[in-house]
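The residues making up each chain are set out below.
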Amino acid sequence: MQGIHMERQLSMLEAEDIQQTFGIDGHLQFTKDASGLAMASLRHAAGQLQLCLQGGHVFGWQIEGMAEPVLWLSPQARFAPGKSIRGGVPVCWPWFGPHGTDPGLPAHGFARTAPWQVKASEIDAQGRVSVSLCLQSEAGHAAMWPHAASLELTVLLGAELQMTLTTVNQGATPFVLGEALHTYFNISDIGGISVSGLEDESYWDTVGGVEKKVQRGMIRFMQETDRVYINTSASCTIEDPGFRRRIHIAKQGSLSTVVWNPWTDKAACMGDLGQPDGWRRMVCVESANAWDNCLMLAPGEHHSLSVSYRVESF
């Protein structure tokens, strides 16, 4: 079943119904896991990808011919209704980090644990396979975020992975939006990698307080790192000599880049990073609009954040 499939409301349908409507033989399959969550598997000659419809959460990306996956998924990640998944690409929306006025609300918003609906699927002229998911802000979210908005995530798999997150203000008043694709990358060892592309950029360092600094040289990791680089649309590269590969990250519609690794003490307190040294095998380089770069969307206005990931062996 190939081609474009038109939008259809699927909240009450089972994985088999989603497969019949949106599945693409040999390229896109929908199933249900043991917990009852709906999953999607995308296949292309260059690799394969796994996606959980809860949270619109890409949690696996394996490139053909590479031994190691590109994305990091905690061995203790929980796949359960209403629970966030540790690893992959969580969707942070409509705020990033703690809520601005109510610390009791979930960090990074509600999109990453909400059930998303399938909107469309396609194989394009280049043979790339895509799936689009959508999420509406609903009455159940009003206590957390009282705005009318729609959110769409399109995942496009080919030789590269592209993800586009689009927000539309469907209400009568403007709202402030914070967002991120909170990508966890699988690495050989945090002490041996570096991140380039953010040289001379300003950032907020949030470890042990909040202080504004300027990046000097490439980013290297020797301790807990939690930085929000602001006012930058720069592309980044993760250099990983241990895996003999570079991961290139290019973005549009994003002016913040978040770089994070919890290191030993914080990882021990988190409980789901994979002990004792799961934190050594991951780094987050997140494309975002956060802190100084939160957006203001007027009624009827839309905004798209797009990221492209490419892996190069050396």
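Everything numeric here is computed off the predicted structure, so don't read it as measured data.

A.B. asks: Can you tell me about the state of the cysteines, naming the residues and giving the values?
C.D. replies: In a disulfide, the sulfur atoms of two cysteines are covalently bonded to one another. Per the stated rule, a full pass over the model turns up zero disulfides. Of all cysteine sulfurs in the structure, the one in Cys52 sits closest to Cys134, which takes part in no disulfide; the separation is 15 Å. Just so you know, Cys284 is unpaired, no disulfide at all, and the nearest cysteine sulfur is the one on Cys92, 9.2 Å from it.

A.B. asks: Explain the environment of Ala288 to me, using residue names and the numbers behind them.
C.D. replies: Position of Ala288 relative to the elements: it lies in strand β21 (residues 282-289). Since its relative accessible area comes to 0%, Ala288 is described here as buried. A C-alpha to C-alpha distance of 16 Å links Ala288 and Asp205, two positions 83 residues apart in sequence. Beyond its immediate chain neighbours, meaning those up to four positions away, Ala288 contacts Glu179, Ala180, Ser254, Leu255, Ser256, Val258 and Leu305.

A.B. asks: Can you lay out the confidence of the model for the chain for me, pointing to particular residues and giving the numbers?
C.D. replies: Detailed reading of the predicted coordinates is not advisable wherever pLDDT falls low. In the predicted model, the chain carries a mean pLDDT of 93, and the fraction of residues at 70 or more is 95%. In the model, residues 1-12 has pLDDT below 50 throughout and makes 33 contacts with residues more than four positions away in sequence or in other chains.

A.B. asks: Please give an account of the side chain of Gln54 that cites residues and values.
C.D. replies: Inspection of the secondary structure assignment puts Gln54 in the loop between β3 (47-52) and β4 (57-63). Residue contacts for Gln54: discarding those within four places in its chain leaves Leu37, Ala80, Pro81, Gly82, Lys83, Arg112, Thr113, Ala114, Pro115 and Trp116.

A.B. asks: Kindly report on the environment of Phe110, identifying the contributing residues and their values.
C.D. replies: You can see Phe110 is positioned in the loop between β5 (91-92) and β6 (117-123). On the accessibility criterion, Phe110 (3% relative accessible area) is buried. Beyond its immediate chain neighbours, meaning those up to four positions away, Phe110 contacts Trp93, Pro94, Trp95, His141, Met144 and Trp145.

A.B. asks: With reference to specific residues and values, describe the pattern of salt bridges.
C.D. replies: For side chains of opposite charge, pairing can occur when their charged atoms come near one another. Applying the stated rule across the entire model yields eleven salt bridges. Here Arg86 makes a salt bridge to Asp272, at a shortest N to O gap of 3.0 Å. With a gap of 186 residues between them, Arg86 in the loop between β4 and β5 and Asp272 in the loop between α2 (263-270) and β21 connect regions that are remote in the sequence. Asp272 carries the same exposure label as Arg86, and that label is buried. Salt bridges here are not isolated pairs; linked through shared partners, they connect Glu239, Arg246 and Glu312.

A.B. asks: Which residues make up the sheet that holds strand β23 (residues 302-313), and what values go with them?
C.D. replies: As summarised here, the arrangement of the nine strands in space is β6-β7-β8-β9-β23-β19-β18-β13-β16, forming an open sheet in which the pairing is antiparallel. Here the strands that pair on one side only, and so sit at the sheet edges, are β6 and β16 (219-220). Pairing of strand β18 (residues 236-240) with strand β19 (residues 245-252), which is carried by five bridges, proceeds in the antiparallel orientation. Bridge pairing in β19 links Asp240 to Arg245.

Thresholds applied
- Residues numbered from 1 in each chain as written.
- Predicted model: local features only at pLDDT ≥ 70, side-chain atom pairs only at ≥ 80, totals over all residues.
- Heavy atoms only, no water.
- Disulfide = S-S within 2.5 Å.
- Helix = DSSP H or I, 4+ residues; strand = E, 2+ residues; numbered from the N terminus.
- Buried < 20%, exposed > 50% of the residue type's maximum accessible area, 1.4 Å probe, protein only.
- Contact = heavy atoms within 4.5 Å.
- pLDDT = per-residue confidence, 0-100.
- Salt bridge = Lys/Arg side-chain N within 4 Å of Asp/Glu carboxyl O.
- Pairing = 2+ DSSP bridges.

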